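Here is how the chains run, residue by residue.
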Amino acid sequence: MQINKVMVIGAGQMGSGIAQVCAQAGYDVLLNDLKEELVEKGLAGITKNLTRSVTKGRMTDEEKQNVLGRLTATTNIQDAQNVDIVIEAAVENMDIKTKIFTQLDEITPEHTILATNTSSLPITEIAAATKRPEKVIGMHFMNPVPVMKLVEIIRGLATADEVYKAIEDMTKTLNKVPVEVEDFPGFVANRILMPMINEAVYTLYEGVSSKEEIDEVMKLGMNHPMGPLTLADFIGLDTCLYIMETLHEGFGDDKYRPCPLLRKYVKAGWLGKKTGRGFYTYEA
């Protein structure tokens, strides 16, 4: 299965990062979102990242221009009719994702692989929204995409071996390390990470220690580059809560029950760095 042209749906932090690494690897990339300003913001972020790489001597200005030349902005999902793979990086919501995949199934050529960057939702359920479940696969990048090496590749119940192999090979061309994961809630990364974050929130909720000290324990004691409460703020507390709810519902085990304090912060609109306040306060 030859992959030359890519569409990335969702021009946020994850989608723009995926588009950047695909363009750097030589793929022609369509970056799609609902509104032109969202796509332009994504492209501006990519340009900023590439300019930083030029400044640091990691690439030449000519290489930067070549990468940008392989990126095309679009707000029309119908443009997917000419691509070999679509990587969906929209909001982490099953209804939204299945609606997108149903549309893509109608628009894209028969050979097109439909991949999702979901961090926790079942690939098999997403695939069931299409008539080509054998060509649907999970391709979970880590944040920030241009820096982090891991990509979890998740087979759905019907994913074909040749599709898995094509995605594994593509991942390597992106200078990433593919890891095969089965279709369980949260996969590997978030099944381990989110309960740790949730437990850190419980530790704060129960008054065991302050947020700064909880983060310091994990940084100095476990050699984590960032404390779990700071990390939660960077991920987004709404995203953390959604993944914990997915784990709780998917396994039916109360060890995945989201901490009431996490729910309270999300209801208050304290979602972390993106809103200026979470466990910590951030300058605009």
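Residues numbered from 1 in each chain as written. Predicted model: local features only at pLDDT ≥ 70, side-chain atom pairs only at ≥ 80, totals over all residues. Heavy atoms only, no water.

- For the chain, an unreviewed UniProt entry supplies the name 3-hydroxybutyryl-CoA dehydrogenase and the organism Bacillus seohaeanensis.
- The chain has a UniProt comment under Pathway (unreviewed entry) that states "Lipid metabolism; butanoate metabolism."
- Its UniProt record gives the chain a comment under Sequence similarities (unreviewed entry), which states: "Belongs to the 3-hydroxyacyl-CoA dehydrogenase family." (UniProt positions renumbered as here; feature names shortened; annotations may be inferred.)

### Re the state of the cysteines
Right, on to step 1. Tallied over the full model, the rule gives zero disulfides.
Right, on to step 2. Not engaged in a disulfide, the cysteine Cys240 finds its nearest cysteine sulfur in Cys259; these two sulfurs lie 12 Å apart.
Right, on to step 3. For Cys240, a relative accessible area of 1% gives the class buried.
Right, on to step 4. On the basis of relative accessible area, Cys259 is assigned to the buried category, the value being 0%. (Disulfide = S-S within 2.5 Å. Buried < 20%, exposed > 50% of the residue type's maximum accessible area, 1.4 Å probe, protein only.)

### Looking at the environment of Tyr242
Right, on to step 1. Tracing the sequence through the fold places Tyr242 in helix 10 (residues 237-251).
Right, on to step 2. With 99 residues separating them in the primary sequence, Tyr242 and Asn143 have C-alpha atoms 17 Å apart.
Right, on to step 3. In contact with Tyr242, not counting residues within four places along its chain, are Glu92, Asn93, Met94 and Leu121. (Helix = DSSP H or I, 4+ residues; strand = E, 2+ residues; numbered from the N terminus. Contact = heavy atoms within 4.5 Å.)

### With respect to the side chain of Asn190
Right, on to step 1. Along the chain, Asn190 falls in helix 7 (residues 189-205).
Right, on to step 2. What makes Asn190 buried here is its relative accessible area of 6%.
Right, on to step 3. Ignoring any residue separated from it by four or fewer positions in sequence, one finds Asn190 in contact with Ser119, His140, Pro195, Ile243 and Leu247.

### Comments concerning the sheet that holds strand 1 (residues 5-9)
Right, on to step 1. In space, the eight strands of this open sheet follow the order 3-2-1-4-5-6-7-8, with mixed pairing throughout. Of all the strands in the sheet, just strand 3 (71-74) and strand 8 (177-181) have a single pairing partner and so form its edges. Ignoring which end each strand starts from, the neighbouring axes of this sheet average 25 degrees apart.
Right, on to step 2. The pairing of strand 1 with strand 4 (residues 85-88) spans four bridges and is parallel. Within the sheet, the bridge partner assigned to Val6 lies in strand 4 and is Ile85.
Right, on to step 3. Contacting strand 1, strand 4, strand 5 (113-116) and strand 6 (136-141), helix 4 (residues 94-107) runs over the sheet at an angle of about 165 degrees to strand 5. (Pairing = 2+ DSSP bridges. Axes fitted to C-alpha atoms, helices over the stretch in contact; angles between N-to-C directions.)

### Looking at the packing of aromatic side chains
Right, on to step 1. On inspection of all chains with the given rule, the structure shows five aromatic pairs.
Right, on to step 2. Each ring, one from Phe234 and one from Tyr282, has its centre 6.2 Å from the other, and the planes form 90 degrees; the classification is edge-to-face. Note that Phe234 is positioned in helix 9 (residues 228-235) and Tyr282 in the segment after helix 11 (260-267), a separation of 48 residues in sequence.
Right, on to step 3. Residue Tyr282 is classed as buried on the basis of its relative accessible area of 18%. (Phe/Tyr/Trp six-rings, centres within 6.5 Å; stacked < 30°, edge-to-face > 60°.)

### With respect to the environment of Leu241
Right, on to step 1. Tracing the chain through its elements places Leu241 in helix 10.
Right, on to step 2. C-alpha separation for the pair Leu241 and Asp254, spaced 13 residues apart in sequence, amounts to 14 Å.
Right, on to step 3. For Leu241, the residues in contact, after removing those within four places along its chain, are Pro258, Leu262, Arg263 and Val266.

### Some thoughts on the pairing of strand 1
Right, on to step 1. Most of strand 1 sits inside the fold, with four of its five residues counted as buried.
Right, on to step 2. Judged from the five bridges that link them, strand 1 and strand 2 (residues 28-32) form a sheet pairing that is parallel. Residue pairing in the sheet places Val8 in a bridge with Leu31 of strand 2.
Right, on to step 3. For the segment spanning strand 1, helix 1 (residues 13-24) and strand 2, crossover handedness is right-handed. (Right-handed = clockwise from strand over helix to strand, strands pointing away.)

### Brief notes about the environment of Ala25
Right, on to step 1. Along the polypeptide, Ala25 turns up in the loop between helix 1 and strand 2.
Right, on to step 2. On the accessibility criterion, Ala25 (32% relative accessible area) is partly exposed.
Right, on to step 3. In sequence terms Ala25 and Arg58 are 33 residues apart; their C-alpha atoms lie 15 Å from each other.
Right, on to step 4. For Ala25, the contacting residues outside a window of four places in its chain are Thr173 and Leu174.

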